[in-house]
Structures are given as C-alpha cells and as structure tokens.
Amino acid sequence: FKTYGQTQSDAEIDSGTLSIDTEQGLIHNVTLSDNISSIAITGPLDSTQVIELELQVTQNDTEAKTLTFEVGGQAVKWANGVAPTITSELSAVDLFVLRTNNGGSTWQGFVSGQDLK
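In what follows, the accompanying structure is described.

What counts and what doesn't
- Residues numbered from 1 in each chain as written.
- Predicted model: local features only at pLDDT ≥ 70, side-chain atom pairs only at ≥ 80, totals over all residues.
- Heavy atoms only, no water.
- Pairing = 2+ DSSP bridges.
- Helix = DSSP H or I, 4+ residues; strand = E, 2+ residues; numbered from the N terminus.
- Axes fitted to C-alpha atoms, helices over the stretch in contact; angles between N-to-C directions.
- Phe/Tyr/Trp six-rings, centres within 6.5 Å; stacked < 30°, edge-to-face > 60°.
- Buried < 20%, exposed > 50% of the residue type's maximum accessible area, 1.4 Å probe, protein only.
- Core = buried A, V, L, I, M, F, W, Y, C linked by side-chain atoms within 4.5 Å.
- Contact = heavy atoms within 4.5 Å.
- 1 Å grid on protein atoms, 1.4 Å probe; cavity = no way out; pocket = protein on both sides within 12 Å on 5 of 7 lines; lining within 4 Å.
- Points joined across faces, edges and corners; volume = space filled by probe spheres on them.
- Nonpolar A, V, L, I, M, F, W, Y, C, P; charged D, E, K, R; others polar.

What the 5 strands build is an open sheet, ordered β1-β4-β6-β9-β10; its pairing is mixed. The sheet is open, and its two edges are formed by β1 (8-10) and β10 (108-116), each paired on a single side. Taking the axes of each pair of neighbouring strands and ignoring which way they run, one obtains an average angle of 20° across the sheet. Bridge analysis of strand β4 (residues 27-31) against strand β6 (residues 51-58) gives 5 bridges, and the strand direction is parallel. Paired with His-28 across the bridge in β6 is Leu-55.

Rendered as structure tokens:
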C-alpha cells in the first residue's frame, strides 16, 4: 500500500467572498468570520479533468454566519436543486464537496456531513 494524502490549506474571506486557490490544495478549511455571499476559485482548472474541492466549514464561535454557494456568479448545482443550509450551531463543522468537469464553468455540490462533532 502507498501512503496517500492531500494538501489542505485555509481559505481566505474578504468582504463576503470566500477565496479558494487550487494551487494551494484541494482541501480547504474555512472558519466563518463573515457572511459569505460568493466563492471565488482561482488556480488551474483543466477542462479535461474532474476537479473536486473539499470544504471543511467551521461555524463562527460567537455569532452564526451564512454561506451562499455561488461560484463566478452562478449557483452551485445541488441534488433536487436545493442548496444546503449550513449548520448554525456555534463552532459546528460541515463538510462539502464542490466538483467541476468543465474547467469551472459549472459546479456541482455534495454534502459530505453536517454538524460533525
């Protein structure tokens, strides 16, 4: 067996935008210090490859924040067309996967787990 791992990094929040750089890895930790109204994804997004980003979202520990799943001005596509609501309990952890197979033109979203303790 080979050892396998992914690089993880902390995503940045600026003025309500969550910034994710794929060159920093495909797993990103996000602690909600602000309400998020959009997600900006930068770095190489090859249209011939499937890219999956994992987001570990930790709720603020003093006041619940919100997260809107919109990338590049377009809503992320979720099962049954319904985006999840992030857990509002203080310090709660939710896991999401964002996936593209067309260079980031569209994104699909998957809930990996919510309110993980």
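Turning next to the packing of aromatic side chains. A ring pair, where both rings are aromatic, is described by two values, the distance of the centres and the angle of the planes. Per the counting criterion, the structure on display carries 3 aromatic pairs. Aromatic pair Trp-78 and Phe-96: ring centres 6.2 Å apart, planes at 80°, arrangement edge-to-face. Taken together, the residues span a long stretch of sequence, with Trp-78 in the loop between β8 (74-75) and β9 (93-100) and Phe-96 in strand β9 at a distance of 18 residues. In terms of burial, Trp-78 and Phe-96 fall into one category: buried.

Our focus in this paragraph is the nonpolar core. Counting 21 residues, the largest nonpolar core has Ile-20, Ile-39, Phe-69 and Leu-98 as its most contacted members. Elements represented by at least two residues in this core include exactly β3 (17-21), β5 (38-42), β6 and β9. Per-element tally for this core: the top contributor is β6, with 4 residues. Excluding its chain neighbours within four sequence positions, the residues that come into contact with Phe-69 are Ile-39, Gln-74, Ala-75, Val-76, Trp-78, Pro-84, Ile-86, Phe-96 and Leu-98.

Glancing now at unusual backbone geometry. With phi around 55°, Ser-15 is a residue other than glycine that occupies positive phi space. Within the element layout of this structure, Ser-15 appears in the loop between β2 (12-14) and β3. Even without glycine at this site, Ser-91 takes up a positive phi of about 65°. Here Ser-91 lies in the loop between β8 and β9.

A full pass over the atoms with the stated rule returns 1 cavity of 30 Å³ or more. In this model, the largest cavity occupies a volume close to 40 Å³. Forming the boundary of the largest cavity are Val-71, Gln-74, Ala-75, Val-76, Lys-77, Gly-104, Ser-105, Thr-106 and Trp-107. Grouping the amino acids of the lining of the largest cavity by side-chain chemistry returns 4 nonpolar, 4 polar and 1 charged.

Attention now goes to the side chain of Thr-22. Residue position: Thr-22 is located in the loop between β3 and β4. Among residues more than four places away in sequence, those in contact with Thr-22 are Ile-41, Thr-42, Gly-43, Pro-44, Leu-45 and Leu-53.

This paragraph deals with the pairing of β6. Pairing between β6 and β9: 8 bridges, direction antiparallel. For Thr-58, the partnering residue across the bridge sits in β9 and is Val-93.

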